[in-house]
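Each chain, written out:
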Amino acid sequence: AALQDLNQPKSEVELPAGLLSVPLMKHQKIALAWMFQKETRSSPCLGGILADDQGLGKTVSTIALILKQMHEAKLKSQNISNQEAEALDLDADDESEIANQKPESSASNGNGVSVNSGRKKAKEEEASTSTQKFNRKRPAAGTLIVCPASVVRQWARELDEKVTDEAKLSVLIYHGGNRTKDPNELAKYDVVMTTYAIVSNEVPKQPLVDDDENDEKSGERYGLSSGFSTSKKRKIEMGATKKIKKRGKKNADDSSSGPDSGTLAKVGWFRVVLDEAQTIKNHRTQVARACCGLRAKMRWCLSGTPMQNTIDDLYSYFRFLKYDPYAVYKSFCHTIKGPITRNSLHGYKKLQAVLRAIMLRRTKGTLLDGQPIINLPPKTINLSKVDFSEEERSFYRKLETDSQSQFKKYAAAGTLNQNYANILLMLLRLRQACDHPELVKRYSSDSVGKESEEAAKRLPREARVNLLNRLESSPICCECKDPPEDPVITLCGHIFCYQCVSEFINGDENMCPVPRCREELAHDVVFSESTLRSCVADDLGGSSSHDKGLDKAFFQNDEFSSSKIKAVIDILRSLSNRSNPNSAQHDQMPSSSMPYDIDDNDVTIVEQMSLRSTPSNRGSIKTIIFSQWTGMLDLLELSLNENTIEFRRLDGTMSLNARDRAVKEFNNDPDVKVMIMSLKAGNLGLNMVAACHVILLDLWWNPTTEDQAIDRAHRIGQTRPVTVTRMTIKDTVEDRILALQEKKRIMVASAFGEDHGGSSATRLTVDDLKYLFQV
Ligand SMILES: [Zn+2]
Ligand SMILES: [Zn+2]
């Protein structure tokens with residue numbers, strides 16, 4: 001509530017024509033005016049927090065800011081003398097150390113990138129006199145954008161697509177082992193993109209804010225005694241050092257203890273932008289302290305969810321922004337946190353005033369002149385009720401009867417609670433049977449790689465046996481809170497779906513997401529059951545027979561496709577008949593120009609196959625198909641191949657490069673009509689507005705996860721009405737999950753998902769379980 005109701009600024013600013021290739025929407029012009037003003041008036045800090053909701057275009061507003069500032073600087077340097085341009089001296093917080101060493105001329109940069117930077121030209125002229133004198137100082141660079149690894153390429157793409165050829169920015173993706181070690185190279189570019197992990201590795205950490213009262217607090221939060229929390233912290237830091245050493249080979253000038261470790265720290269940035277800035281919300285983490293160590297004149301935080309848990313989250317942004325006096329922890333506590341903890345109205349008023357000075361936040365519900373700020377095309381949600389074939393029905397009945405009787409046994413013995421995980425597993429099997437019977441009996445594919453197998457062999461025998469025992473005791477995934485698909489256990493003893501943990505290994509944090517754990521994660525500390533089992537079997541000298549006597553496939557032929565998959569294929573066929581292959585593929589009209597004025601969720605329940613057609617002659621209809629199980633995606637692939645429907649795939653086990661390629665091809669290649677995608681993969685900002693049809697193959701407990709999935713397509717840039725089809729099977733557990741979702745949307749959500757805070761998650765009640773099993 002503290003973040004709401006800030007008075008909205010209204011003044012807009014236009015970007016000079018010919019810089020952006022897309023028109024700015026009204027609220028983005030307001031953001032531009034506001035951001036530009038924050039950078040030119042020096043109070044109270046240079047920069048701020050752009051906290052617009054996901055999907056309102058924080059990226060494009062930021063790109064507009066970069067262009068606008070460069071354009072103004074160019075005008076200035078053309079009109080006025082160099083002395084005037086010098087007023088744009090870099091890095092007010094660090095003047096003594098930064099000099100304007102001349103960056104190598106951008107013309108020498110072979111890729112034909114043109115640098116239209118007035119700022120740089122002014123610098124270069126000015127620098128010609130002072131190069132010698134300041135040679136050992138930091139070169140002056142442009143804008144550094146720090147973001148999660150999963151969106152680096154999306155940013156780069158937008159920087160490319162949203163800027164006209166005339167105004168093209170030179171962009172460097174500073175990522176990967178071969179990245180440059182030359183600070184002068186970084187200084188050549190208008191924009192440098194990098195990840196939080198690299199900042200963490202290369203930039204000297206600012207010290208922890210020291211106050212004892214605070215250490216107690218953090219101990220409390222992790223449920224540890226304060227003494228223990230200190231040692232824990234030390235352990236984490238040791239882990240991080242170890243990691244840096246490991247990478248030291250690749251990174252020649254890595255000296256994490258030195259004042260200037262990596263290349264990023266050796267330049268003075270004109271502007272640093274933290275995207276998904278909630279990454280630094282805990283000011284005690286390495287990543288937050290490293291970000292604060294970046295030298296910059298202008299500082300920005302972009303985040304759709306700036307405050308997630310505590311008032312302390314805000315402190316980290318204030319520190320990064322150097323927003324005085326609140327950047328000093330003592331005065332933050334004194335003026336803001338203290339009063340709010342004592343729950344005084346005055347405290348909240350104060351916080352609002354402090355935020356209003358540096359933060360702009362609009363939600364999708366914000367009105368501008370009485371109008372909603374975005375006017376998306378309508379979204380229609382259809383519930384498609386498919387029927388089982390006879391053989392599927394009998395398979396399902398058997399499974400259902402078995403689990404009902406098991407459930408009754410637990411109930412009679414009064415052990416429902418003790419068997420909660422088993423019950424969830426039975427529910428999982430029923431849910432999977434609705435998708436495809438093969439899923440239920442599918443031998444979990446062993447996806448962990450060689451690194452894991454070799455690491456497992458190095459473990460002490462006892463550790464292997466322990467891990468194996470734990471993994472076999474009907475676990476629940478620590479991330480999605482469902483029985484795990486392709487279960488794996490980490491060295492720290494936490495169990496996940498392979499896909500769920502891969503998100504953390506591929507991502508930036510490389511830390512176990514369990515709040516009290518935070519151990520370092522990599523491929524060599526994640527083990528599957530079969531890896532462990534074969535090692536244990538080797539120990540005993542026995543043959544590694546990890547064939548648990550699966551009963552032979554119920555459906556003998558491989559071509560069997562389930563009713564749901566058949567229904568999907570039918571839909572895809574009818575869509576491709578309807579679409580017009582000759583019309584333009586890429587349509588970049590902003591949605592604000594669309595005449596839609598219809599309310600959001602127009603929910604219709606239709607019988608199977610009677611999809612309401614939306615007359616569209618604007619290119620082929622592309623479809624995103626979601627399932628929560630990678631196994632279901634595998635099965636769907638078979639049918640798509642058989643029907644020669646071209647598709648791409650995106651799931652949590654894929655590398656970020658592979659994901660990026662898949663998204664790009666889906667969006668741009670007219671022949672690729674379908675994206676099959678895991679509901680659990682990369683929810684951050686992926687833009688797939690090329691699709692105007694979304695199919696959800698199965699129901700997820702937490703409806704907001706479904707909403708986020710739908711928002712891949714239903715977002716700014718979407719010009720066509722979006723149709724969503726939720727597939728369910730009649731007279732199954734899915735009906736009951738649906739009913740539960742309707743009746744207790746909130747309860748179910750908190751029971752299963754969203755609970756990344758890790759506090760005791762509410763469970764399904766006994767009544768809910770009875771209802772789900774129809775007992
Ligand atoms: Zn999981
Ligand atoms: Zn862990």
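Owing to the predicted nature of the structure, the values given are computational and were not obtained by experimental measurement. (Residues numbered from 1 in each chain as written. Chains lettered and ligands numbered in written order. Predicted model: local features only at pLDDT ≥ 70, side-chain atom pairs only at ≥ 80, totals over all residues. Heavy atoms only, no water.)

## A short note on the overall build of the protein
Rules: Only DSSP runs of H or I reaching four residues or more are called helices, and only runs of E reaching two or more are called strands; each is numbered from the N terminus. The buried label applies to any residue whose accessible area, calculated with a 1.4 Å probe on protein chains only, is under 20% of its type's maximum; exposed applies above 50%, and partly exposed to all values in between. Any pair of residues with heavy atoms lying within 4.5 Å of one another is described as a contacting pair. Using a 1.4 Å probe, the Shrake-Rupley method yields the accessible areas, and only the shown protein chains count as cover for residues.
Per the secondary structure count, the protein includes 27 helices and 20 strands. Looking at the protein as a whole, 55% of its 775 residues qualify as buried. The long-range fraction of contacts in the protein, counting pairs at least 24 apart against all pairs at least 6 apart in sequence, stands at 78%. Accessible surface, the protein: about 33,500 Å² in total, of which carbon and sulfur atoms supply 49%.

## Points about the sheet that holds strand E13 (residues 495-497)
This is how the line gets drawn: A strand pair is defined by DSSP finding two or more bridges across the two strands. Each axis is a line fitted through C-alpha atoms, and for a helix only the stretch in contact is used; angles between axes span 0 to 180 degrees, taken between their N-to-C directions.
Reading across from one edge, E13-E12-E14 is the order of the 3 strands in this open sheet, with antiparallel pairing throughout. Here the strands that pair on one side only, and so sit at the sheet edges, are E13 and strand E14 (526-528). Ignoring which end each strand starts from, the neighbouring axes of this sheet average 40° apart. As paired strands, strand E12 (residues 487-490) and E13 are joined by 3 bridges and run antiparallel to one another. Bridge assignment links Val 488 to a residue of E13, and that residue is Phe 496. Relative to E13, helix H19 (residues 498-506) is tilted by about 95°, and along the sheet it contacts E12, E13 and E14.

## Side note on the nonpolar core
Worth spelling out the cut-off: Put simply, buried Ala, Val, Leu, Ile, Met, Phe, Trp, Tyr and Cys residues joined by side-chain atoms within 4.5 Å make one nonpolar core.
Judged by nonpolar contacts, the single largest core of 54 residues is most densely connected at Leu 427, Ile 625 and Leu 640. Top contributing element to this core by residue count: helix H15 (residues 420-435), with 9 residues. Ignoring sequence-local partners within four residues, the contact set of Leu 427 consists of Trp 701, Val 733, Leu 764, Leu 769, Leu 772 and Phe 773. In terms of nonpolar packing, the next biggest core, distinct from the first, is built from 52 residues, Leu 144, Val 287, Tyr 317 and Leu 351 among them.

## Digging into the coordination of the zinc ion (ligand 1)
Rule in force here: Water is not part of the atom set, so a site may look incomplete; the donors themselves are N, O and S atoms within 2.8 Å of the metal, or 3.2 Å for Na, K and Ca. Under this scheme a four-donor centre is tetrahedral when all angles range from 85 to 135 degrees, a four-donor centre is square planar and a six-donor centre octahedral when opposite donors are above 155 degrees with the rest from 65 to 115, and any other centre is irregular.
For the zinc ion (ligand 1), the full set of protein donor atoms is Cys 477 (SG), Cys 480 (SG), Cys 497 (SG) and Cys 500 (SG), at a range of 2.3 Å. Around the zinc ion (ligand 1), the 4 donor atoms sit at angles spanning 105 to 113°, and that spread fits a shape best called tetrahedral. Mapped onto the polypeptide sequence, the residues donating to the zinc ion (ligand 1) form the spacing pattern C-x2-C-x16-C-x2-C. Taken together, the residues Cys 480 in the loop between helix H18 (461-472) and E12 and Cys 497 in strand E13 connect sequence positions 17 residues apart. One exposure class covers both Cys 480 and Cys 497, and it is buried.

## Details of the pairing of strand E6 (residues 268-274)
Let me state the cut-off plainly: If the strands point away from the viewer and the path from the first strand over the helix to the second runs clockwise, then the crossover is right-handed.
Summarising burial for E6: 7 of the 7 residues are buried, a large majority. Inspection of the sheet shows strand E3 (residues 138-147) paired to E6 by 6 bridges, in the parallel sense. Each bridged residue has a counterpart across the sheet, and for Leu 144 the counterpart in E6 is Val 272. This β-α-β element, E6 to helix H10 (residues 286-292) to strand E7 (residues 296-302), shows right-handed connectivity.

## Describing the pattern of salt bridges
Basically, it comes down to this: Criterion for a salt bridge: a side-chain nitrogen of Lys or Arg within 4 Å of a carboxyl oxygen of Asp or Glu.
For the structure on display, the rule yields 31 salt bridges. Between Glu 706 and Arg 726 there is a salt bridge, with the nearest N and O atoms lying 2.8 Å from each other. Of this pair, Glu 706 sits in helix H24 (residues 703-710) while Arg 726 is found in strand E20 (residues 722-729), placing the two residues 20 residues apart along the sequence. Taking relative accessible area as the criterion, Glu 706 reaches 4% and is therefore assigned buried. A relative accessible area of 12% means that Arg 726 is categorised as buried.

## Concerning helix H23 (residues 656-668)
Which entries qualify depends on this criterion: Expected helix span is computed as 1.5 Å times (number of residues minus one). To obtain the arc, one takes the directions from the helix axis to the C-beta atoms. N or O atoms closer than or at 3.5 Å make up a polar contact, with two conditions inside protein: a donor-capable atom paired with an acceptor-capable one, and, for residues adjacent in sequence, both atoms drawn from side chains.
Between the first and last C-alpha of H23 there are 18 Å, a value that for 13 residues agrees with the 18 Å anticipated at 1.5 Å per step. Buried within H23 we find Leu 656, Arg 659, Asp 660, Ala 662, Val 663, Phe 666 and Asn 667. Burial along H23 is one-sided: seen end-on, the buried residues are contained in an arc of 160°. Where H23 begins, the side chain of Ser 655 points an oxygen toward the backbone nitrogen of Ala 658, at a separation of 3.1 Å.

## Some thoughts on the packing of aromatic side chains
Selection criterion: Only Phe, Tyr and Trp rings take part, Trp by its six-membered ring, and two of them pair if their centres are within 6.5 Å. Stacked means planes under 30 degrees apart, edge-to-face means over 60, and tilted covers everything else. Placement of a positive charge over a ring is assigned whenever Lys NZ or Arg CZ falls within 6 Å of the ring centre and within 35 degrees of the normal to the ring plane.
According to the stated counting rule, one finds 10 aromatic pairs in the structure shown. Between the aromatic rings of Tyr 315 and Tyr 329, the centroid separation amounts to 4.7 Å while the plane-to-plane angle is 75°, which identifies the pairing as edge-to-face. Taken together, the residues span a long stretch of sequence, with Tyr 315 in helix H11 (residues 312-321) and Tyr 329 in helix H12 (residues 329-341) at a distance of 14 residues. The class of Tyr 329 is buried, set by a relative accessible area of 4%. Ring centres of Phe 388 and Tyr 396 lie 5.6 Å apart, and the angle between their planes is 45°; this geometry places the pair in the tilted category. When sorted by exposure, Phe 388 lands in the same class as Tyr 396, which is buried. Over the ring of Phe 320 we find Arg 299, and its NZ or CZ is 5.2 Å from the ring centre.

## Points about the confidence of the model for the protein
Here is the rule we go by: One number per residue, pLDDT, summarises how confident the predictor is, and it ranges from 0 to 100.
Mean pLDDT over the protein works out to 76, with 72% of the residues at or above the 70 mark. Note on residues 84-136: pLDDT under 50 across the span, and 97 contacts to partners over four residues away in sequence or across chains.

## What to know about the environment of Arg 157
Structurally, the position occupied by Arg 157 is in helix H5 (residues 152-161). Judged by relative accessible area, which is 16%, Arg 157 ranks as buried. Arg 157 sits 507 residues away from Lys 664 along the chain, and the two C-alpha atoms are 9.4 Å apart. Once residues within four sequence positions are removed from consideration, Arg 157 is found in contact with Asp 660, Val 663 and Lys 664.

## Some words on the side chain of Glu 734
In this fold, Glu 734 is placed in helix H25 (residues 733-743). Within the structure, Glu 734 has its side chain in polar contact with the side chain of Lys 564 (distance 2.7 Å).

## Focus on the environment of Arg 393
Relative to the elements of secondary structure, Arg 393 occurs in helix H14 (residues 390-413). Residues Arg 393 and Cys 434, spaced 41 residues apart in sequence, show a C-alpha to C-alpha distance of 9.2 Å. Discounting residues that sit within four places of it in the chain, Arg 393 has contacts with Asp 387, Phe 388, Lys 730, Asp 731 and Thr 732.

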